[in-house]
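# Structural characterization, general
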Amino acid sequence: MDKRYIFKIIINLIIPPIMVIVLFVVSIGAIFIPATEDTLMKKKQEIIQAIVISATSIIEKHAEMEQQGIVTREESQLAALMEMRALRYGVEKNDYLWIIDLQPNMVMHPYFPELEGEKLDEYRDLEGRLFFVETADLARENGKGYIEYMWPKEYNLEAPLPKLSYIQLFEPWGWVVGSGVYLDDVQAEIKAVTFRLLVISSGIGLVVVALLIWMIYRGLKSEKGRRLAKKEVLSSRERYKALAHASGEMIFLTIDGRVTAANKKACDILGYNEDEMTSHSIVEFFVGESGKDIVNKVQSGENITAVETFLNGNNGYKHVFIYAEHTVVNEKSAVLYTAYSFNYKADSEDSIVLQELIKKSGFGILMLKTASKGKIIKADENANNLLNKTNDKSIIGTDLSNIFYEEDANRFLTQLQMDKKVENMLLRFPISVNEIKYFRAWAAIIEENRNAKEPIMVLLKDETQSKETSLAIDSLLTELLSPKTTLANTMFNNDAFIENSIHQQFMQDKVILAQSIKMGLKPQKILHNATHSINSLFEYAVEKAFELIGLPPCPYALLALGSIGRMEPTLSLDQDTAIIYEAGENDKSHSKYFYHFGEAVTSICAGAGISPCVSGNTAANKEWCMNEIKWQHQFTKWINTSQPEDLLKVNTFFDFRTLAGDKGFAVNLRENIFQTIKKRPVFLFNLAQNTLEYAPPSDFIGRIRTDNGAGNYVNLKGTMLHFVNFARIYALQNSIHETNTIKRIQTLEDIGCLPSDIVQDTIDAWIFLMELRLKNQIKSIDMNFSQENFIMLGHLSSWEKTMLKKAMGQVQNLQRRLSTDIARTE
């Protein structure tokens, strides 16, 4: 191979990735590392500022007692100093606060008590700065601020280090409260981050180098092979024919669209001799419009790789994968077609046995393309019989939606698109106007053919008789569970029966709710009844847990979080729970008890049909079983840090209510949250910005924005979260204890925070979406469709689409309101 050509290939492969690596390294050094250093420093400043502000509030509390005449100033100052001296924070609890006055004199220092009472006007740091004098001057001028100086760590007086402190003046007593962070700690964190970035970039560089070597090797090898193949094809037509006849694949050679040669395998499979093959145009061997499209693409100059199609043989249609490559034969442009036939390969003994087992089981097999409409490309004898068809050709090329109800076919294809498989889904097959067949369907993408546009295998089982029986049982059960039924009243008023079958009763409640949804009961009533059923189940689980592990050793509360906490449970829900208990000396033993208590409650409710949260947000998780002080610290941390992972906790943990135990814990915890947010309003700003990052479910001209490229379904749960987030942010801002979305919005109207027109439009939109979501869940449960929160737009009536557009338009209105009221008030 030409060395200059090899060098050109190598240069073209190397330069782009090398430039990417250089840009990556430059961006790390010029952007990421400085930005990281700035971010860490700002974070440290915010931490010490928040700590000093909190400490000053402690002094304010003691000063208020003095003003009220409860204690003297000397007593209140002594109490405040004792409390401040004991405060520690940081990873190793070595960080502290100090106090001076404006003289300046040292009022309190926990690590250097010998300085207390000493005058500091001549006290200099290692650089000679009178930083205590500067601190007093800063306090007089601004009342607060940052100051940098040299100061020893703990008791090590010999090694002062750079330190940054935040100070704040408590004017009534003339005290200056300060606390700081050592800058070498910040530099250590920056070095650690820088080291990680360098390790990552080095790893990426090594991977890129390895890929470059591999690409160059493969490229040179491929180019060498291509040139050799081209040389072989150009050598002579006679040699081509010899190779073609020896090939194990079907091979055709065409010039000007006509077959000029075909190998023995192609003739055998299609049932022609070579003279018959060469008397036809290549387009005559392709079936349907899709086959003509392949020929047109090839004739326009394209190469075809692994296209699935059918060829028209003298003995019927042949299912093949076909390839086409442009070449030159005897100085003429030609096309080399290579095809692999599914039909020609002899069945192995295992394959024959498997086919017999499937046939005896009554299953029918369909093969589909992965296109959105699910075009049928093959059907066995059983499938034809089940679908009342007489031969395989009758349904070849037919879309799945033309066989089954379009609604069912769309759900089937959507679930296949999301999960890559379908299990036990119900499909309806219309025989006539008044007669329907029911099928259970299983489907999966065929793994060994993933490079060939992933064909789909579908197994069908006739379930008409069992479905009719199921419908009859469902009707009987619905009648039995009706509140008007005497038998139901007799059974469910028996305390022994309720105690022994609480799990069955909860499931029966779900059946009644499902029937109520079908009958058109308003969503508010559905959610109210569902909440009542869930509360009853948890009450039973708590009592049963007490029987198993004994009564609680101290006051506690079992909290519901998320949708159950908002009293907005749907038919498909999971457990989001937590436990809060009284802080005390025996916290270790109490923690052990409530952990086992949480495990028991979670297990009992799971057995009744409410599965635990997949993210582990349950009372069975030690992380969410804490005393009241630790819970307050946890919420304070989420509010103060406002990291992305902390903001994610808001959707679950900030909507809590009491399921069992002392309701006062929830009230006190929420009050603590309100007070913390008032001290750090930037939390609401961050929360609003995080909410506004998610695009509304409609565009600027009111069209519905779908959740997939095909534009045929919408995530109703995701849409409704916009309303939930809006109500939650305003509730936190205005210290509203309600957790239910509608009640929060109504309370905001009562206090004058939201105008009545926005309130009514928002509630109407929310109710419509919830009703649509509940009805869609019922249909999905009936069809065994796992994506129950996704609704197909094609299944909606014109009125429902209009209302859906209005509801989604209201999301845009709420986001504009949120952007104006909160997101711009940081």
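So, a few notes on the structure that sits alongside this text.

What counts and what doesn't
- Residues numbered from 1 in each chain as written.
- Predicted model: local features only at pLDDT ≥ 70, side-chain atom pairs only at ≥ 80, totals over all residues.
- Heavy atoms only, no water.
- Axes fitted to C-alpha atoms, helices over the stretch in contact; angles between N-to-C directions.
- Helix = DSSP H or I, 4+ residues; strand = E, 2+ residues; numbered from the N terminus.
- Parallel < 35°, antiparallel > 145°, perpendicular 65-115°, else oblique.
- Contact = heavy atoms within 4.5 Å.
- Nonpolar A, V, L, I, M, F, W, Y, C, P; charged D, E, K, R; others polar.
- Core = buried A, V, L, I, M, F, W, Y, C linked by side-chain atoms within 4.5 Å.
- Buried < 20%, exposed > 50% of the residue type's maximum accessible area, 1.4 Å probe, protein only.
- Phe/Tyr/Trp six-rings, centres within 6.5 Å; stacked < 30°, edge-to-face > 60°.
- Lys NZ or Arg CZ within 6 Å of the ring centre and 35° of its normal.
- Pairing = 2+ DSSP bridges.

Turning next to the packing of helix α24 (residues 741–750) against helix α25 (residues 756–783). Contact pair α24 / α25: the axes reach a minimum separation of 9 Å and the direction vectors enclose 170°. Classified by the interaxial angle, the pair formed by α24 and α25 is roughly antiparallel. Contacts from Thr741, Ile742, Ile745, Gln746 and Glu749 in α24 reach Ser756, Val759, Thr762, Ile763, Trp766 and Ile767 in α25. When grouped by side-chain class, the residues that make up the contact of α24 with α25 number six nonpolar, four polar and one charged.

Let's shift gears to the packing of helix α22 (residues 682–692) against helix α23 (residues 716–733). The geometry of α22 relative to α23 is characterised by a closest axis approach of 11 Å and an angle of 175° between their N-to-C directions. In terms of orientation, α22 lies roughly antiparallel with respect to α23. Residue-level contacts link Phe683, Leu684, Leu687, Ala688 and Thr691 of α22 to Asn725, Ile729, Leu732 and Gln733 of α23. Of the residues belonging to the contact of α22 with α23, the class tally is six nonpolar, three polar and no charged.

Our focus in this paragraph is the nonpolar core. The tendency in soluble globular proteins is for nonpolar side chains to be buried side by side. Counting residues in each nonpolar core, the largest one holds 71 residues, and the members touching the most others are Trp631, Phe635, Phe654, Ile673, Phe683, Leu732 and Leu804. Broken down by element, this core gets its largest block of residues, twelve residues, from α25. Discounting residues that sit within four places of it in the chain, tryptophan 631 has contacts with Ala578, Ile579, Ile580, Trp624, Cys625, Met626, Phe653 and Leu669. Core analysis: the second largest hydrophobic core is formed by 33 residues, Ala383, Leu386, Leu426 and Phe785 among them.

Let us now look at the packing of aromatic side chains. Counted under the stated rule, the structure contains 41 aromatic pairs. The rings of Trp624, Trp631, Phe635, Trp638, Phe653, Phe654, Phe656 and Phe683 are connected pair by pair, giving a single aromatic cluster. It is lysine 622 that lies over the ring of tyrosine 595; its NZ or CZ is 4.8 Å from the centre.

Following glutamine 103, the chain continues into proline 104 via a peptide bond in cis, with omega recorded as 5°. In this structure, aspartate 256 takes a positive phi of about 55° despite not being glycine. Tracing the backbone through its elements, the reader meets aspartate 256 in the loop between β6 (250–255) and β7 (258–262). Judged by its relative accessible area of 76%, aspartate 256 is exposed.

Here the focus is the pairing of strand β5 (residues 175–182). Regular strands place their side chains on alternate faces of the sheet. Of all eight residues in β5, eight are buried; the element is thus mostly enclosed. Every second residue of β5 is oriented toward a common face, with Trp175, Val177, Ser179 and Val181 on one face and Val176, Gly178, Gly180 and Tyr182 on the other, all of them buried. One ladder, built from four bridges, connects strand β1 (residues 98–101) with β5; its direction is antiparallel. Paired with aspartate 101 across the two strands is tryptophan 175, which belongs to β5. Judged from the eight bridges that link them, strand β4 (residues 160–170) and β5 form a sheet pairing that is antiparallel. When the sheet's bridge partners are listed, leucine 164 is paired in β5 with valine 181. Here β4 folds back onto β5 in antiparallel fashion, the turn holding four residues, of which glycine 174 has a positive phi close to 70°.

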